[in-house]
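# Coordinate inspection notes
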Amino acid sequence: MLPFDIATPGTLAEALALLDQYDEEACVFAGGTALVIALRQRMIAPRVVVSIGQLPGLSEITYSEAEGLRIGALARHAQIAASDPVRRHYPVLAQLFGGLANPQVRNQGTVGGNLCYADPATDPPSCLLALGAEVIIAGRMGQRRLPMRAFLVDFFTTALEPGEILAGIHIPPPQPGEHALYRRHLRTPAEHRPLANVALRFVAGPDGHSWKDVRLAIGAAVPVALPMDEAGRALTGRPITLAVAGEAAALVAERLEPISDSRGDAAFRTAVVRAAVRRIVAEAAGLDWTETT
Ligand SMILES: Cc1cc2nc3c(=O)[nH]c(=O)nc-3n(C[C@H](O)[C@H](O)[C@H](O)COP(=O)(O)OP(=O)(O)OC[C@H]3O[C@@H](n4cnc5c(N)ncnc54)[C@H](O)[C@@H]3O)c2cc1C
């Protein structure tokens, strides 16, 4: 690790001023679980590390029926999993944040750090896409909001501009009849990071058999989490059967441009995602996914 200075601003404004002052020579430090590895491996060599973990007001989790959920960027994974409004109104997020990585990372890593690092082998992005989340970004000129799908740009790349800090995430209030599911798939049970994951969100129609406002998203198997709009449309307004689940899975597999690496080549990841989509749709519809069609 190369030497660097640590700055500990007392407010968000001071942190933004430091980023402005040191520009490309500065980097933000939240929980440090990703950054310390990057520093030790000399993937980055900042002159100043701006520690934001202690900033007031950026780790709060608040909910209102009108506004929905706001999660501060500095909220830690375990904190989100244990949060009362999250458990009550977004149980899928409580499950996701309570199940990712390992206890050490869940107690130290922040959701903001997870999203800003943009490592593909992570859990939250696909689920946040499916829930229609947006991010709140703070800069010297004020705040801006971006839909999650515009924030996630590519492999280790987000729409964050130099000098900006992710302040939080906003998730709209659940609609009546809304359901959301998230499933992650590991290469081996000993691994922490997902090889592939899939998130599904829909509103059950009045007939109880068909869905509307369906959003399906894939993560980890691809360089950047991806909304699968075509498959979502295929699941809309018709009774969900195993054949329909298989159709959506085939559409996703066709569209997928997966990562191919030592953890799994493209063909393997495509097969995992295809099976995962069929299974999550079947589970959501109360069907036995082990049956063949
Ligand atoms: C062993 C291990 C296993 C893991 N397994 C999983 C897993 O199964 N699933 C999963 O989803 N993730 C997993 N992770 C990733 C983990 O979730 C992230 O490392 C963590 O969330 C990053 O948060 P942090 O606060 O530690 O970020 P830091 O390490 O402090 O920062 C990470 C990056 O984001 C930037 N940054 C941080 N916060 C902000 C902000 N608010 N605004 C702007 N830039 C910011 C930093 O400059 C840095 O570039 C794993 C990590 C480890 C080390």
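For clarity, every value in this text was computed on a predicted model and none was experimentally measured.

With that out of the way, let us pick up helix α12 (residues 266-284). Taking 1.5 Å per residue as the helical rise, α12 with its 19 residues ought to reach 27 Å, and the 27 Å between its terminal C-alpha atoms agrees with that figure. When α12 is considered as a whole, its buried residues turn out to be R269, T270, V272, V273, R274, A276, V277, R278, I280, V281, A282 and A284. Structurally, α12 contributes buried residues whose contacts are with β11 (178-185), β12 (196-204), β13 (211-219), α10 (229-234) and α11 (242-255). Backbone geometry just downstream of α12 places G286 in the positive-phi region, at approximately 75 degrees.

Our focus in this paragraph is the domain arrangement of the protein. Domain parsing of the protein yields domain 1 (5-51), domain 2 (61-171) and domain 3 (179-284). Of note, the centres of domain 1 and domain 2, computed from C-alpha atoms alone, are 20 Å apart. Opposite the 12 residues of domain 1 that make contact, domain 2 presents 16 residues. Looking at the side of domain 1 that touches domain 2 element by element, the count peaks at 5 residues for helix α1 (residues 12-22). Class assignment of the residues belonging to the side of domain 1 that touches domain 2 gives a composition of 7 nonpolar, 2 polar and 3 charged.

Thresholds, definitions, all that
- Residues numbered from 1 in each chain as written.
- Predicted model: local features only at pLDDT ≥ 70, side-chain atom pairs only at ≥ 80, totals over all residues.
- Helix = DSSP H or I, 4+ residues; strand = E, 2+ residues; numbered from the N terminus.
- Expected span 1.5 Å × (residues − 1).
- Buried ≥ 20, exposed ≤ 12 C-beta atoms within 10 Å, placed from the backbone.
- Contact = placed C-beta atoms within 7 Å.
- Domains from an automatic or database assignment.
- Nonpolar A, V, L, I, M, F, W, Y, C, P; charged D, E, K, R; others polar.

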